[in-house]
Amino acid sequence: MKEPADQDNRKRILTIIKLVPTGRVATYGQIAHLAGLPNNARQVGSLLKSISSPDIPWFRIVNSKGEISERRNEASQSMQRDALEGEGVQFTENNRVDLSKYLWKPS
DNA sequence: AAGGTGACTTTTC
DNA sequence: TGAAAAGCCACCT
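Here is a short report on the structure shown in this document.

On inspection of all chains with the given rule, the structure shows one aromatic pair. Summarising the aromatic geometry, the rings of Trp58 and Phe59 are spaced 5.9 Å apart at their centres and angled 75° between planes, so their arrangement reads as edge-to-face.

In terms of nonpolar packing, the biggest core is built from 17 residues, with Ile13, Ile17, Ala26, Ile31, Val44 and Ile61 touching the most fellow members. When contributions to this core are tallied by element, the ones reaching two or more residues are helix H1 (5-19), helix H2 (28-34) and helix H3 (41-49). The dominant element in this core, judged by the number of residues it contributes, is H1, at four residues. In contact with Ile61, not counting residues within four places along its chain, are Ile17, Ala26, Thr27, Tyr28, Ile31, Leu48 and Gln80.

In this section: the side chain of Ser69. With respect to the helices, strands and loops of the structure, Ser69 is situated in the loop between strand S2 (61-62) and helix H4 (74-86). A polar side-chain atom of Ser69 sits 3.4 Å from a polar atom in the side chain of Asn63. Sequence-distant contacts of Ser69, defined by excluding residues within four places in its chain, comprise Tyr28, Asn63 and Gln77.

To continue, consider the protein's contact with DNA strand B. Around DNA strand B, the structure places 17 residues, and the nearest of them are Arg42, Ser64, Ser69, Glu70 and Arg72. Sugar and phosphate atoms form 46% of the subset of DNA strand B atoms that lie within 4 Å of the protein. Between DNA strand B and Tyr28, the relevant distance is 3.1 Å, taken from a base nitrogen to a side-chain nitrogen or oxygen of the residue. Take Ser69: an N or O atom from its side chain is 2.9 Å from a phosphate oxygen of DNA strand B. Of all the elements in the fold, those that place two or more residues in the surface near DNA strand B are H2 and H3.

The rules behind each value
- Residues numbered from 1 in each chain as written.
- Chains lettered and ligands numbered in written order.
- Predicted model: local features only at pLDDT ≥ 70, side-chain atom pairs only at ≥ 80, totals over all residues.
- Heavy atoms only, no water.
- Phe/Tyr/Trp six-rings, centres within 6.5 Å; stacked < 30°, edge-to-face > 60°.
- Core = buried A, V, L, I, M, F, W, Y, C linked by side-chain atoms within 4.5 Å.
- Buried < 20%, exposed > 50% of the residue type's maximum accessible area, 1.4 Å probe, protein only.
- Helix = DSSP H or I, 4+ residues; strand = E, 2+ residues; numbered from the N terminus.
- Contact = heavy atoms within 4.5 Å.
- Polar contact = N/O pair within 3.5 Å; in protein donor to acceptor, adjacent residues only side chain to side chain.
- Near = heavy atom within 4 Å.

Keep in mind these numbers describe shape, not what the thing actually does.
This is the structure we're talking about:
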């Protein structure tokens, strides 16, 4: 039987994000890779902007530099930083997180 | 149908 | 080390 691939992928991505533990962050590429979409990091981001589920810790997703990606809605950006700091993640002067410390390493 | 866009990543210089 | 360009792929005019 056949399934709509993109919807299935979307669900898989969200599932992965839910697995990211508190106080940790993950990169878009990592999420995409874990979801089985190695080169679709952008799609992950595109999906996150339309997030509506409170169960999804979207704020734990940052880009490969460890910085919060720029977006149209600035409020969302500062909200993300605030949420991460509330979980114990410290930001550097450059407005970045130390990936070598906070990056989620799945088993 | 075809080209532009984007919450990205990696390679190059 | 860091900025710029190229690469990628789904989604939207």
